[in-house]
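The residues making up each chain are set out below.
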Amino acid sequence: MTQRTLILVKPDGVKRGLAGEVLRRIEAKGYTLAGVELKQATEALLEKHYEEHVGKPFYQPLVEFMLSGPVLAIVAEGERVIEGFRSLAGTTDPTTAAPGTIRGDLGRDFGLKVQQNIVHGSDSVESAEREIALWFPHLAS
Ligand SMILES: Nc1nc2c(ncn2[C@@H]2O[C@H](COP(=O)(O)OP(=O)(O)O)[C@@H](O)[C@H]2O)c(=O)[nH]1
Ligand SMILES: [Mg+2]
């Protein structure tokens, strides 16, 4: 099933110069780039993007972190790319994410209120559609 997913290189990844490394891993896996744009998020956009986390203890720190600099927004395409990119990214906590994954290889804990884990990837077909429409309205299906 050919899918599209929304990937973000978060502000920590962009600041650390890892945007190219993330793109390299997406392309090396064989996925196609359908959209790539450096963007400054807004609070309104993040509230929609992270709607399932509104009200959680890490929500405000997460929003502040995501506003702390530009993100590289990417739409990648391919067979089962949604779960494929989640697998490339690794689990949420970068300290224990498996080596070989983006978060496991490049992320670590800095003792901050929110985990800075370099990338976001949509977690389902529904989230991917919703998130692509938010970040790339012209690519929405
Ligand atoms: N400090 C802290 N940050 C979290 C926690 N859970 C999630 N986050 C942050 O919030 C983002 C969104 O959470 P979630 O959707 O559950 O994880 P993801 O899908 O793996 O990115 C994560 O990528 C982390 O940056 C947590 O328990 N503690
Ligand atoms: Mg998530």
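The name that an unreviewed UniProt entry assigns to the chain is Nucleoside diphosphate kinase, with the source organism given as Populibacterium corticicola. UniProt annotates the chain under Function (unreviewed entry) with the comment "Major role in the synthesis of nucleoside triphosphates other than ATP. The ATP gamma phosphate is transferred to the NDP beta phosphate via a ping-pong mechanism, using a phosphorylated active-site intermediate." The UniProt entry for the chain carries this comment under Subcellular location (unreviewed entry): "Cytoplasm".

Engineer: Mind showing me how you'd approach the UniProt feature "binding site: ATP" (unreviewed entry) in the chain here?
Structural biologist: The UniProt entry lists Lys 10, Phe 58, Arg 86, Thr 92, Arg 103 and Asn 117 under the feature "binding site: ATP" (unreviewed entry), expressed in the numbering used here. Structurally, Lys 10 can be placed in the loop between strand E1 (2–9) and helix H1 (11–15). The buried category is assigned to Lys 10, whose relative accessible area is 5%. Not counting the four nearest positions on each side in its chain, Lys 10 is found in contact with Tyr 50, Phe 65, Met 66, Val 71, Arg 103, Asn 117, Ile 118, Val 119 and His 120. With respect to the helices, strands and loops of the structure, Asn 117 is situated in the loop between helix H6 (102–106) and strand E4 (119–121). Those residues in contact with Asn 117 that lie beyond four places of it in its chain are Lys 10, Asp 12, Thr 92, Pro 94 and Arg 103. Within polar-contact distance, the side chain of Asn 117 engages the backbone oxygen of Thr 92 at 3.0 Å.

Each value, and the rule that gives it
Residues numbered from 1 in each chain as written. Chains lettered and ligands numbered in written order. Predicted model: local features only at pLDDT ≥ 70, side-chain atom pairs only at ≥ 80, totals over all residues. Heavy atoms only, no water. UniProt positions renumbered as here; feature names shortened; annotations may be inferred. Helix = DSSP H or I, 4+ residues; strand = E, 2+ residues; numbered from the N terminus. Buried < 20%, exposed > 50% of the residue type's maximum accessible area, 1.4 Å probe, protein only. Contact = heavy atoms within 4.5 Å. Polar contact = N/O pair within 3.5 Å; in protein donor to acceptor, adjacent residues only side chain to side chain.

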